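# Coordinates in review
Chain by chain, the residues:
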Amino acid sequence: MSSEGVQFRVLAEPRVPKNAAGPNRPLNYTIVVGFGFAAGLGLAFLISQLNPVLIRASQLTALTSYPVLGAVSHLNKAHILKVKRTRLLVFLLSSSIITGMYGVLMGAEIMNINIYARIFS
């Protein structure tokens with residue numbers, strides 16, 4: 001087969017793209033942070049449903065249909081409040097660290113700073 005009568009035309013000259021092809025990192029970071037917080041909330045809710053705590057004697061009566069003759073209240077309220085505050089502080093600190101890391105990654109992405117190259121070079 002000969003191609004003597006066939007003419008080839010170039011419709012557009014090839015060009016180098018201005019930006020590299022790749023994933024949308026700010027969107028990926030946002031999705032991962034949102035999914036992480038949602039998974040944490042879902043896991044906390046699941047654990048609370050699988051390990052229920054009875055707060056009132058009436059709940060125990062409704063659950064077992066036996067009358068409750070007496071109840072023991074919390075005797076060491078100061079210790080219970082201290083544990084609650086510590087747990088809240090740990091939660092707030094860890095959430096702040098995660099949110100701060102998200103902010104650093106988003107800021108570096110917006111300013112086109114390659115964190116990996118700066119740390120490991």
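In the block above lies the structure referred to throughout.
The notes below deal with the structure included here. (Residues numbered from 1 in each chain as written. Predicted model: local features only at pLDDT ≥ 70, side-chain atom pairs only at ≥ 80, totals over all residues. Heavy atoms only, no water.)

Let's shift gears to the packing of aromatic side chains. Aromatic ring pairs are described here by two measures, namely the spacing of the ring centres and the angle between the planes. Inspection of the entire model under this criterion finds one aromatic pair. Between Y116 and F120, the ring centres sit 4.9 Å apart and the planes meet at 50 degrees, which makes this aromatic pair tilted. Considered together, Y116 and F120 belong to a single accessibility category, that of exposed residues. (Phe/Tyr/Trp six-rings, centres within 6.5 Å; stacked < 30°, edge-to-face > 60°. Buried < 20%, exposed > 50% of the residue type's maximum accessible area, 1.4 Å probe, protein only.)

Interaxial distance between helix α1 (residues 25-50) and helix α3 (residues 77-110) falls to 10 Å at its minimum, and their mutual angle equals 170 degrees. The angle between α1 and α3 places the two elements in the roughly antiparallel class. Contact with α1, carried on its side by R25, P26, Y29, T30, V33 and F37, involves S95, I98, T99, Y102, L105, M106 and E109 of α3 and no other residues of that element. Looking at the contact of α1 with α3 residue by residue, the class counts come to eight nonpolar, three polar and two charged. (Axes fitted to C-alpha atoms, helices over the stretch in contact; angles between N-to-C directions. Helix = DSSP H or I, 4+ residues; strand = E, 2+ residues; numbered from the N terminus. Parallel < 35°, antiparallel > 145°, perpendicular 65-115°, else oblique. Contact = heavy atoms within 4.5 Å. Nonpolar A, V, L, I, M, F, W, Y, C, P; charged D, E, K, R; others polar.)

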